Every structure is written in C-alpha cells, then in structure tokens.
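# Secondary and tertiary structure notes
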Amino acid sequence: MHIAVLAKVVPDYLVPSMDFELSNNRAHERFSRMLGLYDENAIETAIQIKEKTSGSLTLISYGSENDIQFLRKGAAMGADQLILVKGTSDDAAVIAGNLMAALQSIDNVDLVLAGQQSADMDRGVVPGILAQMLGVPFIPQIGDVDHENGSWTVTQITAQGKRELEFSGPGVLSITSIPENVPRIPAVRAIFAAKKKPVIKLESTDQKKMALNELEVAIPKIECVCEFIDVEDPGQAVRILLNRLNEERYL
Amino acid sequence: MPRIPYWNIDYGIIIDLLAIPVAIVFFYGLYRQWLLIKQGKMRVIPSIGNMIQGIGTFRLKAFLVRGILNARLYRKPASGIAHGFVFWGMVILFIGTNLVILNILFGLPVFSGGFNRWFMSFMLDLAGFLTLVGIVFFLVRRMIPPVRLRLPEARKGFVPVSGLLGLILITGFVTEGARIAAAAGSLEAGAFVGNFLASNLISPALALEIHAVTWWVHGLLSLGFVAYIPYSPLVHIVLAPVNVGFADPAPNVKMGVMDFSAFENEDAEELPALGANKLADFTRKRFLDFSSCLWCGRCQEVCPAYNTDKPLSPKGVIVTLADRLASGKLDESLIEGISMDAIFNCTTCAACMEACPVSINQPKTIMRFRQNLVMEQSRIPELMGKAVASLEQRAHPFFGTGSGAAEWRKDLDVPIFEPGQTEYLLWIGCSVAYEQRAQKIGRAMVRILQKAGTSFGILEESRCTGDPAKQMGNEFLFAEIAQQNIEDFSALGIKKIITLCPHCFNSFSRHYPKLGGEYEIIPHGSFIKILMDEKKLNLVRKDQLITYHDPCYLGRRNGIYDDPRTVIAGVGGLVEMPRHRNESFCCGGGGGNYWAEELGSRINQQRAGEAMETNADTIAVACPFCLLMLTDGLKKHTEETKIFDIAEIVAASMV
C-alpha cells in the first residue's frame, strides 16, 4: 500500500485579522510558515492507514526549497519520503499539473489524500483538478478511510451528516478534520529520523494556467460590533449564538 | 540493691549470643532492599562536595532536620507527636539497651547513683511509656483510618509490627515490675511504671516466676522485632532518612534539562529512553522514593487534582510503583495502569512534595511518565497537543488567540531593548502578549518602570520561554526554544531580566543556566518591592483589604513568599486565605493544565471560593496564569472584577 499526501506550506493561518498584513499582495513574510491545517489531518489519516496496512507514505508539495524544513514535520509524523516540486505559481491548474508530474514520478500510488482546503487561500480546488487530470474519482470532505478486500470505504462528512461511499482503485480524497485524525505530536526519535529521510526535488513543468487574472487583493477592514447574548443558560446562549452566526452566514 | 545482669535468669547470655544471627538477618534484609534499589539507573554523582553541606549528593542538613528530627511530620500535630513518642522513645530505649550490654561486657557503672535513677530508671520508663502511648495511637488509627490512609490502598503490615512492639514494651514493663516486686517491697527510685506494676498488679509471691518468663519473652520478642524490621514497613526507619538525605536540595521539583545529543549521533548504537514508561526507566533515587513511601497519603490530601475528583492521586502513583518494585516487575509498561488522564492531571504544583515527610518527589515521577508519553509515544491530550503544536510553529502556545504579538503595547510607548544601552530586559512572555486579560499586567508594569525611571526594554516580538512545553512533557521542544532564546539574548548582551510570570522566572533561573544562559532574573513583584524600598514609587495606601494567592512556581518552587506580600501591604491591608504560603492551593493551570478540559470539579473555582471567603476587596496574584484561571473561577461566585495582578494594583495606587 502506497499513499501520497499533498501538503502545502502556508503562512500562519491563525494570525488574527487585526494583525494581518500583506506584502506583494500575499501574506507578509514575517508570519511564521507551517503545514496547512487540514493537510496535517490528511497526513494523520494516511499514517493511520499506513500503520494498519504496513504501507508507505510519500508527502508531495509544490513550493519553495525553504518549505522543506516545515515539510519535515510530515516526515516526523510518519511520511517515508518527501517530494518537492519547486515552483511559485498559485494557479490551481499549474499546481495540480505539477503535483501530477510528481505522482507519476513514483510508482503504484494506491490513494492520494489532501487537506480539505489550503489554509491560506481556502479554495480546495487543487485535489479535484488533480483527480480529473489523473482520471480517478475525487471525493471531498472525507473523515474516515478504510481499506478492505481491495476497495476503499470512505465517510464523507457534511454539515447535515455522513455519507458512506465505496470505490476501487486509486482516487483522490480531500480530508476534513474529525476527532480521530487529530495530528500527532511527532516523537523525538521520529523528529531526528525525519532529518535523514529522502527529499526529492523536482523542477516544475510547464502547465496550462487557468484563464483568469488577479485584479486586486485587499484585507477587509475589521469593525468590532459587540453584542451581548443576555441569557443565563450557557447552552441556550450557544444555540442563540450559532443561529446568529448562521443567519449572518459566518458559518 | 543495684541491678545485677541476668538476675534470676539462667543462661541469659543466650539472648546476647542470639543477637549475632539477628544482626545478620537484619542486615541481610537491608541488603535485599539495596538490591531492589540498585536495579534503578545510576544518577550522575558529582565530586565529593563540602562535608558540612553533604557528601556527593547526600545532604547532611536535610538528613538531620527532615530525616532524623522529622521536622515535616509535626505539621500534623497528633500523628506527628505520636510518631515522635515512638521514634524518640525507641531511640532512648535502644541507648538504654546498649548501656546494659556495656555494663555486662565491661562493667560500665550505669546502674548506680543519679544516672541509674534518672536515666536507667526514670528516662527508660518514660521512653517506654510514651512509645506505648504512640503505639496505641497508631493501632487505633489503623482500626479507624482517615481517608488518606485508606485510599486508594492502605499499606499492610503495620498492625502486626506495631502489636509486636507494644507487646515488647508491655513485657519489658512486666519484667521490670516483677523484678521490683521480687525485691521485697523496696521500690526503685525513678522507675514509675515498674513501681506501679510492682505495687498494684504483680503478686510478690509470683514475681520471680513472672520475671523469669517475661524476661525471656521480652528478650526473644525484641530480637525477633529487630530481625523483622527490614522485612516490614518499619524499614522506613532506615530508608526514610536516607531518602531525605539524597533529596534534591533545591526547593521542590527540579526536572533538569535533557541532553538530546545522542539522537544526533549517527553511530549511537542505543538511544536513551525518554522519560519513563516502566520501572526500569527510573533512577535509584526514585526507587528509594518508592521504597521509602509509608503510604500515609499526606500528598494525596493536598493534591488539587485529587481534591477535585480527578483520577490522579500522587499516593496512588507511588503505591503502584512500590507494589511493582516489590514484585520485581521492572519491565512492564506502567502508564496504562496509572492512566494517561492521571498523568496529565498533575498541575506540578508540588504541594504533594511539600507535604511529604520523607521528601519523595512525586511530581518528578509523574513528569517522567508525561515525558515518555509525549516524546516517545506522541500521546498528549488534544488541547495540550494544540498548545505544543502552536509553540513549535509560532513560538507561543496560545493557539487561536485573537491578539497579535504587539497588541498588548498598542498606544503605549514601550522601549525596545538596546544592546549596551538598556539595563533590564522586561520579559513579556506568551500569556501577557497573547491573552487579552493578561495584557494589562504588561501595560501596568511598563507604567511602573517608566514612573520609577528604570532603564528597561522589551524584545521586538514577545515569545515564550518554552516552559509550557516542558510542563507538558516535551523537553525536546523546550530545549529548542530555550537554546534559540539564549542565542538571541547573547546577541543582544542581555544580563538582567524582569519576569512577569513565575513560570518564566522558574525556567530562566533553573533550566536556562544548564543550557548556557546565565542571567540575573528577578520576578516583577520582587522588582516592585525594590523600587518601593528605594522610594522610586510614590504610592497611596488605600483602605482596601487584599488577599494574596501564592503562585506555585513563585512560592513553593522558588520560596518567594514575602516580596509580593510586602508590596501588597504597601498599598492596602493584607488578609490571608487559610491555605497560603507553602500550603497554598494551585489555581489549576500548572503543568500545562491551562490547556486542559478539566475532569471532575474545577480547581480554579474552589480556589476562587477560598479567596472570596476572606471578604477581601481585591484578590491579588503574581502570575498571569493564576490571573486567568482565577478570573474564570471567580465567575462562579461573583460577577465583580476582583482579581488583579500585583503590578495592576500598584499601578493603580501610583500618584
């Protein structure tokens, strides 16, 4: 069993809005860089499958060489090797094309996992485009993944509930966070071992861009409007808060 | 009539000769204890030190004060005094017995004159009587035991050995009474118990027969008792003082720093185990801890986790380990038996250690399990895991905070530390930078320092010492963060640091020096006191009652109790909570439990309730974590804002 996980190194996704700042239309470089939020859930899911099936795990990323130090965390968590495709584009089609090239450079990948969406752009489109390029099924928002008798059983998590799906052969899944895939804190031995794990660096290949132009990037102005929910019962307060957030389309 | 050795006894020398095999059995028992303890790992032994202080890691003062004089036992007066009766009574009786032997062997004139009257008669009777009183107390207490003795498990073996000792004392008195009664009506000066028995209970007609029988019974039981000591819980007579002597001289838990260089070494054949998962991972000192434990439960009684229905009992942990050690199960995993919840529920407040009469280091044992879970097994409660991940990624543990690193000083003109220009680094730390309520501590301290004209500066961007990682068991991450900080401090030429958080103070003063970072560290409360002493602050003393909550990492761990109190007394009236100073109760946030979902009832609510009961107008703290925990805990009791850091209280009193 060989699983590939797509991971992206992003600026700190928890920087408070008030503190956020741009530089050349992207997050300021002073912000710490780290593995994407859902990407870590995908890595954890993959490690669990790897542990169950005695398989192997390759972490694939598209970015700069500086990202390797952050990708090592994935190796410390349990990935066997890293592949970095060097590139700077943030066009989803270009990224997907380069990731496909990386996948094709390794043999017999049984399953491709990715985070549900990147933690910087929140688009969640790359895995879908990649699946289309590979000609395999793409299933988003997956919680559990099981492998039995040569086929995959996956659970798709939505706001309304769960849906179980089954497919055979390779596929691309985007992983959401569930209590069972909370990313592990790498053990110290694994951190040191990760330093020795192979890193394959690939040059990016020419890929067709999507037909769109970036016109403007702006940070919304934050306005604080405070409203107190004046009820005694915390449970009721939470229900009211959730309703309000839903009504205002924050959720 | 002077006492004559072996009076009324034929072949009495047999008792003395039997002492030789008894001594062999006794020392063999101790040797078996040593064999148990020897299975632990060796500690690094420093070179022979100052003989007045101690020899190597053995501390004479601690040995004498806590080991022999049992200073901590008397914190519980009833059992302390009873123990004192038994211990000192037995010491005096032991001396008396040896004087008798010297009399037999060398004719030492102990049975004549005032010495006979006051020591050999009166003192020995008094010692025996008080020992008997103590024994009766302990026997009754074993029959009606307090919870701390009963739960989670009572140590067996005390009743037979106490009963045996009581019997020895009684037969000793009966022998003495029979001897006096047989002496045709003349009582023995000073021997008040023997005289009482001779006058009231022992028939002169039977005295000789009684004497002959009880002399042998007393002698044989005494020998049996001595031989039995190392095989019974009474082995603590030997182990406890030794354990105290080997206890770390620094106040409370000192986890040290770990060396990870072996992991870098590609040629290393075997990598060291990180933390402890099984008994074999512990040192000899910890084995001595487990063997010395009397299961008295004093640790459990003061434990904040135990007292709020969490699955942790420090006594339970030590009992489990002592049981396993006694049964030789050195290589079985212990963590499941103790439970991961229990291991992470420890707030590392060190109240258990402070209460322990025999200086057992319960928190260190628990922390070693935590280290193993985190660094070897990647197992950590989810919220703590997020805090650790945040520390690793962002150099602070406040994941999901709404604050940026510089928000705490918004609208304030705070100087940045300038190499060669600034005297003190005001270390902001993580909680003050990232937690909205705690930010006010930093702002207040800046106002105080500016008012006093102190040369100080901050780092461009606040960060953490790494202490939360250390507390949660991730020593590796702590070492990485600490080394980075030390490098940066060296580049800036930082020598003096004012801390706002006792956890930072503890890290800087205890752990950083071992990694090469030596600085003059001063907690903000102590620095404010200095400023007050130097009349650099003009304060108005308000008509307000203030109670002070001792932060564990400032008080118990570092012995700083008075400075914050002096500061508070300068701005209002100080009123103490029932549990204060070294007996203070934790806020619940220590040991990384600030990032925990509490099981059972909440520690912070209990402590805030204690503070409320003082009827103080203000509850003062000297730790941002205590501030945050108690502010939250107080919500159960009142909607008033009553909890402030001492810096906030002082800043509000400045004119």
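Quick notes on the rules
- Each chain carries its own residue numbering, running from 1 in the direction its sequence is written.
- For this description, chains carry letters from A and ligands carry numbers from 1, given in the order in which they are written.
- A pLDDT threshold of at least 70 governs which residues receive local features in this predicted model, and a stricter bar of 80 or more applies before side-chain atom pairs are shown or counted, although totals over entire chains, interfaces and linings include all residues.
- Here the side-chain values reflect all heavy atoms present in the structure, with hydrogen atoms and water set aside.
- UniProt positions are given in the numbering used here, feature names are shortened, and annotations may be inferred rather than shown by experiment.
- In this text, helices come from DSSP runs of H or I with a minimum length of four residues, and strands from runs of E with a minimum of two, each type numbered from the N-terminal end.
- Contacts between residues were defined by any pair of non-hydrogen atoms, one from each residue, lying within 4.5 Å.
- Only the protein chains shown count as cover for residues, and the accessible areas themselves come from Shrake-Rupley with a 1.4 Å probe.
- Here Asp and Glu are counted as negative and Lys and Arg as positive; His is not counted, and neither are the chain ends.
- For the purpose of locating charges, the reference atoms are NZ of Lys, CZ of Arg, CG of Asp and CD of Glu.
- Relative accessibility thresholds used throughout: buried, under 20% of the residue-type maximum; exposed, over 50%; partly exposed, between the two (1.4 Å probe, protein chains only).
- Here the bounds of each domain stem from an automatic or database domain assignment.
- The rule for pairing is simple: two strands pair if DSSP sees at least two bridges between them.
- The term buried area means the drop in 1.4 Å probe accessible area that two parts suffer when joined, counted for both and summed.
- Criterion for a salt bridge: a side-chain nitrogen of Lys or Arg within 4 Å of a carboxyl oxygen of Asp or Glu.
- Residues were grouped as follows: Ala, Val, Leu, Ile, Met, Phe, Trp, Tyr, Cys and Pro as nonpolar; Asp, Glu, Lys and Arg as charged; and all remaining residues, including Gly, as polar.
- To qualify as a nonpolar core, a set must consist of buried Ala, Val, Leu, Ile, Met, Phe, Trp, Tyr and Cys residues joined through side-chain atoms within 4.5 Å.
- The arc under discussion is defined with respect to the helix axis, by the directions toward the C-beta atoms.
- A pair of aromatic rings is counted whenever rings of Phe, Tyr or Trp (Trp by its six-membered ring) have centres within 6.5 Å, and the orientation is called stacked for planes under 30 degrees apart, edge-to-face for over 60 and tilted otherwise.
- The rule is short: NZ of Lys or CZ of Arg within 6 Å of the ring centre and within 35 degrees of the ring normal puts a charge over the ring.

You'll find chain B entered in an unreviewed UniProt entry as Putative fumarate reductase subunit, with Desulfotignum phosphitoxidans DSM 13687 given as the organism.

As named in an unreviewed UniProt entry, chain A is Electron transfer flavoprotein subunit beta EtfB, taken from Desulfotignum phosphitoxidans DSM 13687. Here chain A is described in UniProt, under the heading Sequence similarities (unreviewed entry), as follows: "Belongs to the ETF beta-subunit/FixA family."

Before going further, it helps to examine the overall build of chain B. For chain B, the count of helices and strands is 28 helices and ten strands. Projected onto the principal axes, the alpha-carbon positions of chain B cover approximately 100 × 65 × 45 Å. For chain B, the share of sequence-separated contacts (at least 6 apart) that also reach a separation of at least 24 residues comes to 78%. Summed over its atoms, the accessible surface of chain B is roughly 27600 Å², and 60% of this surface lies on carbon and sulfur atoms. Here chain B carries 63 positive and 60 negative side-chain charges, and the mean point of each set is 5 Å from the other.

Let us look at the environment of B:Gly113. Residues and elements named next belong to chain B. Here Gly113 lies in helix 4 (residues 113-143). Take Gly113: its relative accessible area is 55%, and that puts it in the exposed class. For the pair formed by Gly113 and Gln33, sequence separation is 80 residues and the distance between their alpha carbons is 43 Å.

This part takes up the domain arrangement of chain B. Splitting chain B by domain gives domain 1 (12-242), domain 2 (248-379), domain 3 (395-532) and domain 4 (538-652). Inter-centroid distance (C-alpha atoms) of domain 1 of chain B to domain 4 of chain B is 46 Å.

Let us look at the sheet that holds strand 3 (residues 424-427) of chain B. Residues and elements named next belong to chain B. In space, the four strands of this open sheet follow the order 4-3-5-6, with parallel pairing throughout. With partners counted over all chains shown, the strands left at the sheet margins are strand 4 (456-457) and strand 6 (520-523), one partner each. Taken together, the two bridges between strand 3 and strand 4 define a ladder with parallel strand orientation. Of the residues in strand 4, the one forming a bridge with Tyr424 is Phe456.

Another aspect to go through is the UniProt feature "domain: Electron transfer flavoprotein alpha/beta-subunit N-terminal" (unreviewed entry) in chain A. Under the UniProt annotation, "domain: Electron transfer flavoprotein alpha/beta-subunit N-terminal" (unreviewed entry) lies at residues 23-211 of chain A. Secondary structure content for residues 23-211 of chain A is 30% helix and 32% strand, while the C-alpha to C-alpha distance between its ends is 24 Å.

Moving on, we come to the interface of chain A and chain B. Chain A puts 21 residues into the contact, and the matching count from chain B is 30 residues. Together chain A and chain B conceal approximately 2100 Å² of surface at their shared face, both sides included; 57% is due to carbon and sulfur atoms. Ranking the residues of chain A by area buried against chain B places A:Ile185, A:Arg189 and A:Phe192 at the top, with a combined share of 34%. For the pair chain A and chain B, the number of links is three salt bridges. The shortest N-O distance in the salt bridge between B:Arg394 and A:Asp12 comes to 2.7 Å. When residues of the side of chain A that touches chain B are assigned to their parent elements, the largest contribution, four residues, is made by helix 5 (residues 188-194) of chain A. Among the residues forming the side of chain A that touches chain B, the class breakdown is eleven nonpolar, one polar and nine charged.

Nonpolar side chains in soluble globular proteins generally cluster together in the buried interior. Formed by 151 residues in total, the largest nonpolar core has its most connected members in B:Leu426, B:Met445, B:Ile448 and B:Leu537. Considering each element in turn, this core owes the most residues, eight residues, to helix 4 of chain B. For B:Ile448, the residues in contact, after removing those within four places along its chain, are B:Ile528, B:Leu531, B:Leu537, B:Ala647, B:Val650, B:Ala651 and B:Met654. Membership of the second largest hydrophobic core comes to 31 residues, among which are A:Leu59, A:Ala75, A:Leu113 and A:Val154.

With respect to the element layout, B:Arg59 can be found in strand 2 (residues 58-59). Spatially, the C-alpha atoms of B:Arg59 and B:Thr641 are 47 Å apart, while their sequence positions differ by 582 residues.

Three or four residues apart is the spacing at which side chains of an α-helix point the same way, because the helix has 3.6 residues per turn. All names here are of chain B. Buried within helix 25 (residues 562-569) we find Pro564, Arg565, Val567 and Ile568. Along the long axis of helix 25, the arc covered by the buried residues comes to 160°, so they all point the same way. On the buried face of helix 25, the contacting elements are helix 24 (524-533), strand 7 (545-548), strand 8 (573-575), strand 9 (618-621) and helix 28 (646-652).

A few words now on the UniProt feature "transmembrane region" (unreviewed entry) in chain B. Residues annotated by UniProt as "transmembrane region" (unreviewed entry) correspond here to residues 12-31, 85-106, 118-138, 158-174, 180-198 and 210-231 of chain B. Annotated as residues 158-174 of chain B, this span is 100% helix and 0% strand, and its ends, taken at the C-alpha atoms, are 24 Å apart.

On to unusual backbone geometry. Following B:Leu151, the chain continues into B:Pro152 via a peptide bond in cis, with omega recorded as -5°. Relative to the helices and strands, B:Pro152 resides in the loop between helix 5 (147-150) and helix 6 (158-182). Positive phi is not limited to glycine here, since A:Gln141 has a value of about 55°. Along the chain, A:Gln141 turns up in strand 9 (residues 138-148). Even without being a glycine, B:Tyr6 presents a positive backbone phi close to 60°. Within the element layout of this structure, B:Tyr6 appears in the segment before helix 1 (13-38). Owing to a relative accessible area of 21%, B:Tyr6 belongs among the partly exposed residues under this scheme.

So, about the packing of aromatic side chains. Across all of its chains, the model carries 33 aromatic pairs over all chains by this definition. Here the aromatic rings of B:Phe508 and B:Tyr512 are separated by 4.8 Å at their centres, their planes lie at 80°, and the arrangement is edge-to-face. One residue, B:Arg394, lies across the ring of A:Tyr13, its end atom 5.4 Å from the ring centre. A cation sits over an aromatic face here: B:Arg557 above B:Tyr553, 4.0 Å from the ring centre.

What follows covers the environment of B:Ala181. Residues and elements named next belong to chain B. Within the fold, Ala181 resides in helix 6. Taking the C-alpha atoms as reference points, Ala181 and Glu332, separated by 151 residues in sequence, lie 61 Å from one another. In this structure, Ala181 is in contact with Ala198, Ile202, Pro204 and Ala207, ignoring residues within four places of it in sequence.

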